[in-house]
Amino acid sequence: MTGTATGERAGEPTPASDGIAVGRRPTRLSATVASLAAAAGVLLVGGPGGPAVGVVLVGLAAAATGDELRARGRRAQSLAAFGTGGTIALAGIAAGAVLAGDVPSVLRVLPGLVGVLTLGAGVVPARGRGSRRLVKLGAGLVLVTVLVTGVFQAVPPGTLVAGAVAAVVGWDLGEHAINVGEQLGRAASTWRTEGVHAASAGLVGVAAMLTGRVVDGVGSTGLSLPALALLVLAVVLLSVALHE
């Protein structure tokens, strides 16, 4: 009895406390859709290196497998899966740089690829209950790719709006995954709640993209300074709408 009490006072983790930590991790559905949304943004505006985001997603899927293994108490296999996933994701980022070719194209796609990995690390954490900071940083890096593409490449404004919308939706759903996981846990049935939230975010995003298509019809390719200001304003308004 004394030894057990001493161990608990020393802060040693117990199986029960570890199970609670695992159960309060980001929910699967919203985390998955968040990563896919961010990846879609990179694919839309990333140019020749954009398809490499698929490899990053494979790495995140391997990390998610590690997350499940950890929940079942298989620590060794979990660490191996996380390590494999991280290696694959980094290989995807390197592949994107190679596919991009020249330096401007690398600068265009690299922030987005790193952003998808960062956002994924926020909703599929190796430790803890997820990180809102990583989710925000990851979505922000995807937005950097959108803005760099708009400034230096001749891309239709509607495509830029779609990429920005995808980044914001990824951020919103990533935070939702963390919030629901903290409040209800993974054991609770949250599919309906998450589905409604994802559908709402999708509808707002579709409205923004339709507006972008209208802009396509009246504007030229590329992004002038006024258009850049309008894009930033649209992203801010979309963020406010999603978090109302």
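Residues numbered from 1 in each chain as written. Predicted model: local features only at pLDDT ≥ 70, side-chain atom pairs only at ≥ 80, totals over all residues. Heavy atoms only, no water.

Caption draft 1: Examining the overall build of the protein chain more closely. Helix and strand counts for the protein chain come out as ten helices and zero strands. Mapped from its N terminus to its C terminus, the protein chain presents α and β elements in the order α-α-α-α-α-α-α-α-α-α. Taken across its 244 residues, the protein chain has 42% of its residues classed as buried. A separation of at least 24 residues holds for 79% of the contacts in the protein chain among residues at least 6 apart in sequence. (Helix = DSSP H or I, 4+ residues; strand = E, 2+ residues; numbered from the N terminus. Buried < 20%, exposed > 50% of the residue type's maximum accessible area, 1.4 Å probe, protein only. Contact = heavy atoms within 4.5 Å.)

Caption draft 2: Representation of the pattern of salt bridges. Enumeration over the complete set of coordinates arrives at two salt bridges. Notably, a salt bridge pairs K136 with E175, separated by 3.8 Å at the nearest N-O pair. Taken together, the residues span a long stretch of sequence, with K136 in helix α7 (residues 132-152) and E175 in helix α8 (residues 157-183) at a distance of 39 residues. With relative accessibility at 9%, the residue E175 sits in the buried group. (Salt bridge = Lys/Arg side-chain N within 4 Å of Asp/Glu carboxyl O.)

Caption draft 3: Spotlight on the nonpolar core. Ranked by size, the top nonpolar core spans 34 residues in total, and within it V42, L113 and V116 carry the most contacts. Mapped by element, the contributors of at least two residues to this core are α3 (28-45), α4 (53-71), α5 (75-100), α6 (103-123), α7 and α8. Here this core takes nine residues from α8, the largest share from any one element. Excluding residues within four positions of it along the chain, V42 makes contact with G50, V53, V109, G112, L113, V116 and V142. (Core = buried A, V, L, I, M, F, W, Y, C linked by side-chain atoms within 4.5 Å.)

Caption draft 4: Looking closely at the UniProt feature "transmembrane region" (unreviewed entry) in the protein chain. Under the present numbering, the feature "transmembrane region" (unreviewed entry) in UniProt falls on residues 33-66, 78-100, 106-125, 137-155 and 223-242. Here residues 33-66 is 79% helix and 0% strand, with 18 Å between the C-alpha atoms at its ends. Between the first and last C-alpha atoms of residues 106-125 the distance is 27 Å; the span itself is 90% helix and 0% strand. (UniProt positions renumbered as here; feature names shortened; annotations may be inferred.)

Caption draft 5: Examining α5 more closely. Given a rise of 1.5 Å per residue, 26 residues ought to cover 38 Å, and the 37 Å separating the end C-alpha atoms of α5 matches this to within 8%. The complete set of buried residues in α5 reads S78, A81, F82, G85, A89, G92, I93, G96 and A100. Looking at the buried positions of α5, the neighbouring elements they touch are α4 and α6. Following α5 by one or two positions, G101 adopts a phi angle in the positive range, close to 90 degrees. (Expected span 1.5 Å × (residues − 1).)

Caption draft 6: Summary view of the layout of surface pockets. As a volume, the second largest pocket reaches approximately 250 Å³. Taken together, 16 residues form the lining of the second largest pocket, with A31, T32, L60, A64 and V124 sitting closest to its centre. Those elements that place two or more of their residues in the lining of the second largest pocket are α3 and α4. The leading source of residues in the lining of the second largest pocket is α4, at six residues. Looking at side-chain class alone, the lining of the second largest pocket contains nine nonpolar, three polar and four charged residues. (1 Å grid on protein atoms, 1.4 Å probe; cavity = no way out; pocket = protein on both sides within 12 Å on 5 of 7 lines; lining within 4 Å. Points joined across faces, edges and corners; volume = space filled by probe spheres on them. Nonpolar A, V, L, I, M, F, W, Y, C, P; charged D, E, K, R; others polar.)

Caption draft 7: Just the environment of A89, in detail. Take A89: it is sitting in helix α5. Here A89 falls in the buried class, since its relative accessible area comes to 1%. Sequence separation between A89 and A52 is 37 residues; the distance between their C-alpha atoms is 9.4 Å. In this structure, A89 is in contact with V55, V56, G59 and L117, ignoring residues within four places of it in sequence.

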